[in-house]
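# A closer look at the structure
What follows is the residue order along each chain.
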Amino acid sequence: MLTTIFFLSSGLFLGWSLGANDAANIFGTAVGTKMVRFRVAALIASAFVIVGAVVGGSGGSETLGRLGAVNTLPGAFTVALAAALTVLWMTRLRLPVSTTQAIVGAILGWNVFAQMETDFGSLSTIVSSWVAGPILTMVFAALLFLLVKKLLKHIRVGIILQDAYTRAALIVAGAFGAYSLGANNIANVMGVFVPVSPFSASDFGLFTLSSAQQLFLLGGLAIAVGIYTYSHHVMQTVGNDLYKLSPIAALIVVLSSALVLFLFASEDLKLFLEARNLPSFPMVPISSSQAVVGGVLGIGVAKGGKNINLNVLTRIAMGWVATPLGAGVTCVVLLFIVQNLFALPVFE
């Protein structure tokens, strides 16, 4: 049992890193504009991210599994550890990077070390989402901002009442975003452990948790701890440094990013669209940080492109490029150490 906990610890560490860097961005703009207190945001985000992870987290993990099926527990431990160390490094630099990019880079590193074939179809789907996610959020944010701006011209609401409505809407949108984040991004945290899960399905009377859902529950709890303990720094980078947001603009960013996360996480929506021969979104874990940055840029574009901090944007973009490369190299080095120094089988 202690051995199992030890090997899962890197996944929990990665969950903590995701909470510290990615998950809090669901409420980052709300906290940055001081519309929602950090403790309130952290509590709501933690609760809903756990529910989303357990209820809807299976889709993205299947895609990562096709990219590279890590087939030993020590191997999964090492892959998750490499991704977690990379995200932690970026977090210390106060950059809202992608946990998805980190885990994908680490899996590719395992493929190289184990001389396993990479599914380039799955890889292209995942990489294309790194572009599509922020762009789609940017479009949603720009359109919603223009729509809300037009509506406010025709609806007269007092400042105090508008403030109360905006605050309540930020909380609801943040809860929705946290649920979507849990469903979409839990694959980054525990996806590599699913093929080698040490758990079996358990019946708790009112409900049953599968082996994967138990892993997702542990990962969700780790994300919650990350939100509480270390997320405030990255919130400030997105909520204040990149572009100064009004409370209503912050609401639009949260809602836009939540919608995009949901689109790439909902298996029910995918089945609904496919049953009617309509194009659907792939079940791919995308970055909440990238989505939020896209939303913030969408607001900036809708306002004419002025006052966007290009220096901060450049630093963020550099982090997005460095993350998968750093995770891949780190993973290869750690796999060599684990296999040769500790004599543990990192692949079969």
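Details of the structure are given in the entry above.
Residues numbered from 1 in each chain as written. Predicted model: local features only at pLDDT ≥ 70, side-chain atom pairs only at ≥ 80, totals over all residues. Heavy atoms only, no water.

### So, empty space enclosed by the protein
According to the stated counting rule, one finds 2 cavities of 30 Å³ or more in the structure shown. Its boundaries defined by the atoms lining it, the largest cavity holds a volume of some 40 Å³. Lining the largest cavity, in full, are Leu64, Gly65, Gly68, Ala69, Val70, Gly191, Val192 and Pro195. Its residues assigned to classes, the lining of the largest cavity shows 5 nonpolar, 3 polar and no charged. As a volume, the second largest cavity reaches approximately 30 Å³. (1 Å grid on protein atoms, 1.4 Å probe; cavity = no way out; pocket = protein on both sides within 12 Å on 5 of 7 lines; lining within 4 Å. Points joined across faces, edges and corners; volume = space filled by probe spheres on them. Nonpolar A, V, L, I, M, F, W, Y, C, P; charged D, E, K, R; others polar.)

### Considerations on helix α5 (residues 73–92)
With 20 residues, α5 extends 28 Å from end C-alpha to end C-alpha; this agrees with the ideal 28 Å at 1.5 Å per step. The N-cap residue of α5 is Thr72: its side-chain oxygen and the backbone nitrogen of Gly75 are 3.1 Å apart. Just downstream of α5, Arg94 is the residue with a positive phi angle, here 65 degrees. (Helix = DSSP H or I, 4+ residues; strand = E, 2+ residues; numbered from the N terminus. Expected span 1.5 Å × (residues − 1). Polar contact = N/O pair within 3.5 Å; in protein donor to acceptor, adjacent residues only side chain to side chain.)

### Focus: unusual backbone geometry
The phi angle at Asn277 is positive, at roughly 55 degrees, despite the residue not being glycine. Mapped onto the secondary structure, Asn277 falls in the loop between α12 (267–275) and α13 (288–302). Since its relative accessible area comes to 74%, Asn277 is described here as exposed. Of note, Ala343 is a non-glycine position whose phi angle comes to about 55 degrees, a positive value. Within the element layout of this structure, Ala343 appears in the segment after α14 (310–340). (Buried < 20%, exposed > 50% of the residue type's maximum accessible area, 1.4 Å probe, protein only.)

### A look at the packing of aromatic side chains
Per the counting criterion, the structure on display carries 8 aromatic pairs. Ring centres of Phe7 and Phe77 lie 5.9 Å apart, and the angle between their planes is 70 degrees; on these two criteria the pair is classed as edge-to-face. Of the two residues, Phe7 is situated in helix α1 (residues 2–23) and Phe77 in helix α5; the sequence distance between them amounts to 70 residues. The exposure classification of Phe7 matches that of Phe77, with both residues buried. Consider the rings of Phe264 and Phe281, whose centres lie 5.3 Å apart with planes at 65 degrees: the pair is edge-to-face. Here Phe264, found in the loop between α11 (247–263) and α12, pairs with Phe281, found in the loop between α12 and α13; they are 17 residues apart in sequence, far enough to count as distant. (Phe/Tyr/Trp six-rings, centres within 6.5 Å; stacked < 30°, edge-to-face > 60°.)

### Here's the deal with the pattern of salt bridges
This model, assessed by the stated rule, comprises 2 salt bridges. In this structure, Asp163 and Arg167 form a salt bridge, with 2.8 Å as the shortest nitrogen-oxygen distance. Taken together, the positions of Asp163 and Arg167, both in helix α8 (residues 159–190) and 4 residues apart, correspond to about one turn of that helix. Exposure remark for Asp163: the relative accessible area of 30% places this residue in the partly exposed category. (Salt bridge = Lys/Arg side-chain N within 4 Å of Asp/Glu carboxyl O.)

### Here we look at the side chain of Thr137
One can find Thr137 in helix α7 (residues 120–154). Residue class for Thr137 comes out buried when judged on its relative accessible area of 0%. Among the polar contacts made by the side chain of Thr137, one reaches the main-chain carbonyl oxygen of Gly133 at a distance of 2.8 Å.

### Topic: the packing of helix α3 (residues 38–56) against helix α9 (residues 211–230)
In the contact formed by α3 and α9, the axes pass within 8 Å of each other and the chain directions differ by 170 degrees. The orientation of α3 relative to α9 falls into the category roughly antiparallel. The handedness of the crossing between α3 and α9 is right-handed. Contacts from Phe38, Arg39, Ala42, Leu43, Ala45, Ser46, Val49, Ile50, Ala53 and Val54 of α3 reach α9 at Gln213, Phe216, Leu217, Gly220, Leu221, Ile223, Ala224, Ile227 and Tyr228. Of the residues assigned to the contact of α3 with α9, the class counts are 15 nonpolar, 3 polar and 1 charged. (Axes fitted to C-alpha atoms, helices over the stretch in contact; angles between N-to-C directions. Parallel < 35°, antiparallel > 145°, perpendicular 65-115°, else oblique. Left-handed = near helix turned anticlockwise from the far one by under 90°. Contact = heavy atoms within 4.5 Å.)

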